[in-house]
2 protein chains.
Amino acid sequence: MPEFLYNKKLYYNSVEFVMDRIGGTWKMPILWRLRDKTLRYGELKKTMPKVTHKMLTSSLRELEADGFISRMVFPVVPPKVEYSLTERGIKSINIIGELRQYGFQLMRDYGIDVASEDSPV
Amino acid sequence: MPEFLYNKKLYYNSVEFVMDRIGGTWKMPILWRLRDKTLRYGELKKTMPKVTHKMLTSSLRELEADGFISRMVFPVVPPKVEYSLTERGIKSINIIGELRQYGFQLMRDYGIDVASEDSPV
DNA sequence: CTGGATCCACCCCGATACTG
DNA sequence: CAGTATCGGGGTGGATCCAG
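Notes on the structure follow.

Analysis parameters
Residues numbered from 1 in each chain as written. Chains lettered and ligands numbered in written order. Predicted model: local features only at pLDDT ≥ 70, side-chain atom pairs only at ≥ 80, totals over all residues. Heavy atoms only, no water. Helix = DSSP H or I, 4+ residues; strand = E, 2+ residues; numbered from the N terminus. Expected span 1.5 Å × (residues − 1). Bend = angle between axes of the 7 residues up to and from the residue. Near = heavy atom within 4 Å. Polar contact = N/O pair within 3.5 Å; in protein donor to acceptor, adjacent residues only side chain to side chain. Contact = heavy atoms within 4.5 Å. Pairing = 2+ DSSP bridges. Axes fitted to C-alpha atoms, helices over the stretch in contact; angles between N-to-C directions. Least-squares fit on C-alpha atoms with pLDDT ≥ 70 in both.

1. Brief notes about helix α5 (residues 87–109) of chain A
Residue and element names in this part refer to chain A. Over its 23 residues, α5 extends 34 Å from the first C-alpha to the last, a length consistent with the 33 Å expected when each residue adds 1.5 Å. By the largest-angle criterion, I93 marks the main kink of α5, which is about 25°. Among the residues trailing α5, G111 stands out with phi positive, at a value near 80°.

2. So, the protein's contact with DNA strand C
In the vicinity of DNA strand C there are 16 residues, among which G42, H53 and R71 of chain A together with K54 and M55 of chain B approach most closely. Of what DNA strand C places within 4 Å of the protein, 55% of the atoms are sugar or phosphate. R40 of chain A places a polar side-chain atom, nitrogen or oxygen, 3.1 Å from a phosphate oxygen of DNA strand C. Residue H53 of chain A places a side-chain N or O atom 2.6 Å away from a base nitrogen belonging to DNA strand C. Where the surface near DNA strand C is concerned, the elements lending two or more residues are α3 (41–47), α4 (53–65) and β5 (80–85) of chain A together with α4 (53–65) of chain B. Among the elements that take part in the surface near DNA strand C, α4 of chain A stands out by supplying four residues, more than any other.

3. Overview of the side chain of S59 of chain B
Structurally, the position occupied by S59 of chain B is in helix α4. Once residues within four sequence positions are removed from consideration, S59 of chain B is found in contact with W26, K27 and I30 of chain B.

4. Some words on the environment of R71 of chain B
Residues and elements named next belong to chain B. In this fold, R71 is placed in strand β4 (residues 69–74). Distance from R71 to Y83, taken between C-alpha atoms, is 4.9 Å for residues twelve residues apart in sequence. With residues up to four places along the chain from it excluded, the contact list for R71 reads R61, E64, V81, E82 and Y83. Side chain to side chain, R71 and Y83 meet in a polar contact 3.3 Å long.

5. Details of the sheet that holds strand β3 (residues 39–40) of chain B
All names here are of chain B. Taken together, three strands build an open sheet; the order of strands is β3-β5-β4 and the sheet is antiparallel. Looking at which strands have only one partner, the edges of the open sheet turn out to be β3 and β4. Note that β4 and strand β5 (residues 80–85) share six bridges and pair antiparallel. Residue pairing in the sheet places M72 in a bridge with E82 of β5. Along the sheet, α4 makes contact with β4 and β5, crossing β4 at roughly 115°.

6. Some details on the relation of the copies chain B and chain A
Superposing chain B onto chain A takes a rotation of 180° combined with a translation of 0.0 Å along the rotation axis, leaving an RMSD of 0.0 Å. The transformation just described matches what one would write down for a two-fold rotation axis. In this assembly the copies share their binding face: 100% of the residues contributing to the interface of chain B also contribute to that of chain A.

Now the structure itself:
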């Protein structure tokens, strides 16, 4: 594969393209949490105590712009916004799950103790 | 899974741990190229035209420190150094391959033209 | 409740020069 | 051929304040 251009950015391979879409500290954790249900902004934030407001917002914006999640705004007060996976987002869940499993295996390999049941990603 | 500490850095999940080990622009491409053969520094560099000397060197150092590759120095002139996968590095090839395949699928989904045969990663 | 905007510290990484 | 050291620009993300 020759390198290719997308959105004015140069990519050298498909893995890099994936990482630019769903990589970074928070995007996979967000997708993973939405895998089986719709969540409001505040609910999402509650399950990810360490993410800052700015990072959660910008991650959600980018995931939306890239077509992985959809944003549903309810015109009520106080505001209510729900996030859910799109078709593309649903398709990403498999590889995230595999990455997660590989991560546990790697951590065991490093001797890091893991309790993988109901572990967030 | 509660968050955990490794090497003085705080991780929130296993995916993040993986990405800190083999993420970034160049580490997976390096591992992928070493999947079936040992390569010298210069050979590696030749197949990755866009990586800078500094990034290739530092990526190799980190992969070595993290136990994914081993570095074999031959005491000759001119210098000869060979890089190859360790057991841990070999185990990483599967998930890289899956990530690569998902990447092609995602690119097709975006309408980006791909010729995936013998594509570098 | 959800979200946008600003300021700024930090770190990644490219360029360059030098070594055995 | 392979590797190290230094400098500096630019992007990433944290803290904070304001808004509908």
